[in-house]
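Each chain, written out:
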Amino acid sequence: MKRINILVAFFICWGILIIASSMLLAVKNRKELLDFSRKIAERKVTIYPVCAPIVDCYGTKIAWTEWQFYLQCSVRRKKDMEKFFKELGIVFEPVHIVEKKCMIQNIPAAKAANAVKLARKYRFRLRKKTVRCLQKLPLTAQNFIGSTFLYYGINGLEAQYNDRMQGIPGIYQIMRGPSGRIEKNSFKIMLPMRSGRELRLQASLLELQCGLFPMEVIK
């Protein structure tokens, strides 16, 4: 019995000692701890501008960037997802991703506002991504215009004039609170974002579709 009492007293004293030392550390090094927590909460966010369009000599868009909204959720919530798209007035035709055990379906930009409201109702999180669109052109014209991967042109005019159309990404500093939300007045601009400039061709859309186009561009 005495041994048990001794062990209990030992652990109680040990606990009091740990609590006292922690409180002393928190009071004594309060400023250092606050600075450390602030550094952990601070994040640098890089935001890329939308890639500028390529237009023909009349200003018609040949290649341009659009925001694409979509919903991705677990297969277990298939019924909720089906109800979501039914209320949204869209045919439920999801794409199944077997590896991730989830489903994905795009949402038209015209339905984006209603989709945001319904997402709160069903506790879904809408996602978005940028998509580079291109007019229907023959293969030779497509190769001339080129293609992009995320924000970077990888061939054709998209790659040749990538720096001009891509612009300069902005770097911003934010601070997240205990709940994970961005705290008010914590948004700081470290490097402002600059939009890219459009690229105007000397050819018209009809010439491109016919496969007749000059190699020059109007800078």
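Residues numbered from 1 in each chain as written. Predicted model: local features only at pLDDT ≥ 70, side-chain atom pairs only at ≥ 80, totals over all residues. Heavy atoms only, no water.

1. Quick look at the overall build of the protein
So, point 1. Looking only at helices and strands, one finds eight helices and 12 strands in the protein.
So, point 2. A buried classification covers 29% of the 219 residues belonging to the protein.
So, point 3. Sequence separation of at least 24 residues holds for 62% of the intrachain contacts in the protein that already meet a minimum separation of 6. (Helix = DSSP H or I, 4+ residues; strand = E, 2+ residues; numbered from the N terminus. Buried < 20%, exposed > 50% of the residue type's maximum accessible area, 1.4 Å probe, protein only. Contact = heavy atoms within 4.5 Å.)

2. Describing the environment of Pro-53
So, point 1. On the secondary structure map, Pro-53 appears in the loop between strand 1 (42–47) and strand 2 (54–55).
So, point 2. Measuring from C-alpha to C-alpha, the distance between Pro-53 and Glu-198 comes to 5.1 Å, with 145 residues separating the pair along the chain.
So, point 3. Not counting residues up to four positions away in its chain, the partners in contact with Pro-53 are Lys-61, Ala-63, Trp-64, Arg-132, Met-165, Glu-198 and Leu-199.

3. Here we look at the packing of aromatic side chains
So, point 1. Scanning the model with the defined rule gives five aromatic pairs in all.
So, point 2. Between Phe-84 and Phe-85, the aromatic rings sit 5.2 Å apart at their centres with planes inclined by 85 degrees, giving edge-to-face as the arrangement.
So, point 3. For Phe-84, a relative accessible area of 0% translates into the label buried.
So, point 4. With a centroid separation of 6.3 Å and 85 degrees between ring planes, the pair formed by Phe-84 and Tyr-122 is classed as edge-to-face. (Phe/Tyr/Trp six-rings, centres within 6.5 Å; stacked < 30°, edge-to-face > 60°.)

4. Section: the pattern of salt bridges
So, point 1. By the definition in use, this model includes four salt bridges.
So, point 2. A salt bridge links Glu-87 to Lys-121, with the shortest nitrogen-to-oxygen separation between them at 3.0 Å. Of this pair, Glu-87 sits in helix 3 (residues 78–88) while Lys-121 sits in helix 4 (residues 112–122), and the two are 34 residues apart along the sequence.
So, point 3. Given the relative accessible area of 42%, Glu-87 is considered partly exposed.
So, point 4. Arg-200 is paired through a salt bridge with Glu-198; the nearest N and O atoms lie 3.5 Å apart.
So, point 5. A relative accessible area of 27% places Arg-200 in the partly exposed class.
So, point 6. Taking relative accessible area as the criterion, Glu-198 reaches 34% and is therefore assigned partly exposed. (Salt bridge = Lys/Arg side-chain N within 4 Å of Asp/Glu carboxyl O.)

5. Things to note about the nonpolar core
So, point 1. Ranked by internal contacts, the top residues of the largest apolar core, which has 17 residues, are Ile-54, Ile-145 and Leu-157.
So, point 2. Mapped by element, the contributors of at least two residues to this core are strand 3 (61–74), helix 5 (139–145), strand 11 (199–201) and helix 8 (205–210).
So, point 3. At three residues, the largest contribution of residues to this core is made by helix 5.
So, point 4. Those residues in contact with Ile-54 that sit more than four places away from it in its chain are Thr-60, Lys-61, Ile-62, Ala-63, Arg-132, Ile-145, Leu-157, Glu-158, Met-165, Leu-199 and Leu-201.
So, point 5. Leu-71, Phe-84, Phe-92 and Ala-119 belong to the second largest nonpolar core, which has 15 residues in total. (Core = buried A, V, L, I, M, F, W, Y, C linked by side-chain atoms within 4.5 Å.)

6. Some details on a nonpolar patch on the surface
So, point 1. A surface patch of nonpolar side chains, amounting to about 370 Å² of accessible area, comprises Phe-149, Leu-150 and Ile-154.
So, point 2. As for its position among the elements, Leu-150 is in the loop between strand 7 (148–149) and strand 8 (152–153).
So, point 3. Leu-150 sits in the exposed class, given a relative accessible area of 64%. (Patch = residues over 30% accessible without salt bridge, like charges linked within 9 Å, V, L, I, M, F, W, Y side chains within 5 Å. Areas by Shrake-Rupley, 256 points an atom, 1.4 Å probe, with all protein chains shown as cover.)

7. Thoughts on the side chain of Asp-56
So, point 1. Here Asp-56 lies in the loop between strand 2 and strand 3.
So, point 2. Separated by 2.9 Å, the side chain of Asp-56 and the backbone nitrogen of Gly-59 make a polar contact.
So, point 3. Once residues lying within four places of it in the same chain are set aside, the contact partners of Asp-56 are Ile-62, Arg-200, Leu-201, Ala-203, Ser-204 and Leu-205. (Polar contact = N/O pair within 3.5 Å; in protein donor to acceptor, adjacent residues only side chain to side chain.)

Functional significance is not addressed by these values, which are geometric in nature.
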